[in-house]
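# Working through the structure, step by step
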Amino acid sequence: TPTPTASLNYLVDGTYDDTDPLINFNGNWTIYEYPGTYDGGSRYSATVGNTVTFEFFGTQLSLLYTGLYNRGTMTVMIDSQIVGEVNQYSAGVTTQNQWDSPVLESAGPHNVVLRHASGSINDLDGVIVSGGQEPTPSETTTETATVTFTPSVTPEFDPPDGKEVYRSSYGPHE
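Our subject in this report is the structure included herewith.

Calculation criteria
Residues numbered from 1 in each chain as written. Predicted model: local features only at pLDDT ≥ 70, side-chain atom pairs only at ≥ 80, totals over all residues. Heavy atoms only, no water. Helix = DSSP H or I, 4+ residues; strand = E, 2+ residues; numbered from the N terminus. Buried < 20%, exposed > 50% of the residue type's maximum accessible area, 1.4 Å probe, protein only. Salt bridge = Lys/Arg side-chain N within 4 Å of Asp/Glu carboxyl O. Pairing = 2+ DSSP bridges. Phe/Tyr/Trp six-rings, centres within 6.5 Å; stacked < 30°, edge-to-face > 60°. Lys NZ or Arg CZ within 6 Å of the ring centre and 35° of its normal. Axes fitted to C-alpha atoms, helices over the stretch in contact; angles between N-to-C directions.

Turning next to the side chain of serine 101. Take serine 101: it is sitting in the loop between strand 9 (94–100) and strand 10 (110–116). Taking the relative accessible area as the measure of exposure, serine 101 reaches 3% and is therefore buried.

Printed below as a string of structure tokens:
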């Protein structure tokens, strides 16, 4: 499965596997292979409080996960605001379940924190970003300051020895 190229350290429009280097797993997340998961594998947390963090540029985020009887709830925060809870419980194994965030007002970039909130297991199989194009260099703003330094030199006489001393913005010089 081709993966979109992310730049500027955030995910752009496309589908990303849990192994993407821009998706950061904090705490102990176990990698496992299972038929039917996106790209053949997924990750799970068995510790409440473990988190996943990443940034994306778009107006909507979708999460792929595997549902099962031992799955709990994952809290989704975008830009420090809780936008939803993903209940991953299912009576039997279900792969590539999809949870969609509310549509955001701007394309971002946005910061995401996924937190294992409850239950024995939380799972993350993939991330889908939509509703935004990667900004082009003309859409990004860079402020550049130009500093001009003009030294000034003023001749003065040093009364004790009568020598002429020049004082400049660089310091005194004889």
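Overall, the coordinates contain two salt bridges when judged by the stated rule. Arginine 43 is paired through a salt bridge with aspartate 18; the nearest N and O atoms lie 3.2 Å apart. One end of the pair, arginine 43, is in strand 4 (residues 41–45); the other, aspartate 18, is in the loop between strand 1 (14–17) and strand 2 (24–26), with 25 residues separating them in the sequence. Summarising the burial analysis for this pair, arginine 43 and aspartate 18 share the class buried. With a closest N to O distance of 3.7 Å, aspartate 123 and arginine 71 form a salt bridge. Of this pair, aspartate 123 sits in strand 11 (residues 122–124) while arginine 71 sits in the loop between strand 6 (60–67) and strand 7 (73–78); the two residues are 52 residues apart in sequence, bridging distant segments of the chain. Owing to a relative accessible area of 0%, aspartate 123 belongs among the buried residues under this scheme. Classification of arginine 71 as buried rests on a relative accessible area of 11%.

On to the pairing of strand 12 (residues 126–130), then. A large share of strand 12 lies buried, amounting to four of its five residues. Examined bridge by bridge, strand 1 and strand 12 share four bridges and lie antiparallel to one another. Bridging from a neighbouring strand, threonine 15 pairs with isoleucine 128 of strand 12. As paired strands, strand 6 and strand 12 are joined by five bridges and run antiparallel to one another. Its bridge partner being in strand 12, leucine 63 is matched across the sheet by valine 127.

The tally for this structure, following the rule as stated, stands at three aromatic pairs. Here tyrosine 10 and phenylalanine 57 contribute two aromatic rings whose centre-to-centre distance is 5.8 Å and whose plane-to-plane angle is 25°, an arrangement assigned as stacked. Linking tyrosine 10 in the segment before strand 1 with phenylalanine 57 in the loop between strand 5 (51–56) and strand 6, this pair joins segments that are 47 residues apart in sequence. Exposure class is identical for tyrosine 10 and phenylalanine 57. Each is buried. Geometrically, the ring pair formed by phenylalanine 25 and tryptophan 29 is edge-to-face, given 5.4 Å between the ring centres and 65° between the ring planes. One cation-aromatic arrangement involves arginine 43 over phenylalanine 25; the distance from NZ or CZ to the ring centre is 4.2 Å.

This next bit is on the sheet that holds strand 11. Pairing within the open sheet is antiparallel, and its three strands lie in the order 3-4-11. Of all the strands in the sheet, the pair left with one neighbour each is strand 3 (29–33) and strand 11. Mean inter-strand twist for the sheet, computed between neighbouring axes without regard to direction, equals 30°. Looking at chain direction, strand 3 and strand 4 are connected through five bridges and run antiparallel. Paired with isoleucine 31 across the two strands is arginine 43, which belongs to strand 4.

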